[in-house]
Amino acid sequence: MDAKGGKHPVFNGEYHVLQSLGEGNTSKVYLARKIDDPTKCVALKLLREEFLQRDADSIKAVEQEIQILQGLKHPNIIQIVGYGSDGRVVKPSGREIGNLVYILLEFVTGGLLFDLCQTLGGMGENGGRFFLSQMCDVLEYMHGKGVVHRDLKLENILIDETMNLKVADFGFATFRKIHNLKSYRGTMTYMAPEIKEGKTYDGKQIDMFSTGVILFIIVQGIFPFKEAKKDEYFYNLILNGKLDQYWQKTGGQNLSPEFKDLILSMFSYDPSKRPTVE
């Protein structure tokens with residue numbers, strides 16, 4: 001096979017870079033196929049130059065992400081295949097781009113849980129149970145290893161062809177002082193109130209809050225609130241105990257009392273009242 005790649009860029013002389021899989025604030029991710037074994041594909045995550053040049057902390061964050069991924073081996077967590085700072089892409093024109101910081105990850109065929117939810121809409125309580133049991137497995141394993149994710153959301157969860165979850169993107173994850181964190185991390189709609197308010201927080205409790213948001217969307221097909229702030233209309237209804245009104249407004253009148261109790265405890269303003277996986 002043509003090692004120059006013909007119409008595809010070549011990464012480190014080993015992979016054809018086939019297409020973009022998406023991009024975030026810190027990186028771009030591509031589908032790459034092994035040149036000498038076209039049955040093997042990986043996700044190639046290239047860190048953005050401008051992110052790495054921002055400050056020493058950015059480099060540290062990438063190193064920490066790699067360290068965390070290497071330490072986590074679980075069927076519902078994305079596996080790291082390789083990494084380095086000597087990545088080289090040769091474009092079909094012959095132009096070379098070098099010194100790329102990269103992470104190679106297992107490629108998951110099914111795509112994003114976010115896309116599945118957009119396609120199917122609400123999957124009901126049975127769908128919720130199926131996904132929540134997998135999420136609880138992940139949380140129990142990850143938290144048991146002393147790691148918190150801090151950015152759990154539909155866009156960071158992949159699904160394979162048999163509907164198994166793969167939690168990805170550990171860019172905000174940490175294993176340091178996980179019960180006593182201060183940095184502002186996460187995504188607005190999934191973020192626990194204590195982070196928004198600038199309080200010291202427990203990483204396990206904020207992961208549980210975000211899991212609640214994910215569960216709600218899987219079951220109902222909509223977000224439970226715009227964000228968990230006291231003055232946000234929907235979250236305020238929960239805080240003030242106007243639960244009939246809340247369920248009416250979110251179309252959840254017919255959900256089981258068990259589901260309602262569980263989800264409201266996951267959304268608890270007081271983090272110590274949220275359920276734990278222990």
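Calculation criteria
- Residues numbered from 1 in each chain as written.
- Predicted model: local features only at pLDDT ≥ 70, side-chain atom pairs only at ≥ 80, totals over all residues.
- Heavy atoms only, no water.
- 1 Å grid on protein atoms, 1.4 Å probe; cavity = no way out; pocket = protein on both sides within 12 Å on 5 of 7 lines; lining within 4 Å.
- Points joined across faces, edges and corners; volume = space filled by probe spheres on them.
- Helix = DSSP H or I, 4+ residues; strand = E, 2+ residues; numbered from the N terminus.
- Buried < 20%, exposed > 50% of the residue type's maximum accessible area, 1.4 Å probe, protein only.
- Pairing = 2+ DSSP bridges.
- Nonpolar A, V, L, I, M, F, W, Y, C, P; charged D, E, K, R; others polar.

**Q** Is there a simple way to think about the layout of surface pockets in this case?
**A** The method is simple in principle: a probe with the dimensions of a water molecule rolls over the atoms, and the space it marks as empty is what remains. Of the volumes computed, that of the second largest pocket is approximately 340 Å³. Of all the secondary structure elements, the ones that give two or more residues to the lining of the second largest pocket are β3 (27-34), β4 (41-47), α1 (49-52) and β6 (96-106). Here the lining of the second largest pocket takes three residues from β6, the largest share from any one element.

**Q** What am I meant to see in the pairing of β4 here?
**A** Put simply, side chains in a regular strand alternate between the two faces of the sheet. Counting buried positions over the seven residues of β4 gives six, a clear majority of the element. Sheet topology note: the β3/β4 ladder contains seven bridges and is antiparallel. Directly across from Leu31, in β4, lies its bridge partner Ala43. The hairpin turn running from β3 into β4, its antiparallel successor, is six residues long. Examined bridge by bridge, β4 and β6 share five bridges and lie antiparallel to one another. Looking across to β6, one finds that Lys45 is bridged to Ile103.

**Q** Teacher, can you tell me more about empty space enclosed by the protein here?
**A** Going through the model one piece at a time under the given rule, you end up with two cavities of 30 Å³ or more. Of the voids in this model, the largest cavity is the one considered here, and its volume is about 60 Å³. Forming the walls of the largest cavity are Arg150, Asp151, Leu152, Arg185, Gly186, Thr187, Tyr190, Met191, Ala192, Ile195, Ile206 and Ser210. Of the residues that constitute the lining of the largest cavity, the class distribution is six nonpolar, three polar and three charged. Roughly 40 Å³ of internal volume is contained in the second largest cavity. Along the walls of the second largest cavity sit Gly128, Phe131, Leu132, Met135, Thr211, Ile214, Leu215 and Ile218, which together make up its complete lining. Of all the secondary-structure elements, those providing two or more residues to the lining of the second largest cavity are α4 (124-144) and α6 (203-220). Split into classes, the residues belonging to the lining of the second largest cavity amount to six nonpolar, two polar and no charged.

Such coordinate-based values are descriptive only and should not be taken to indicate function.
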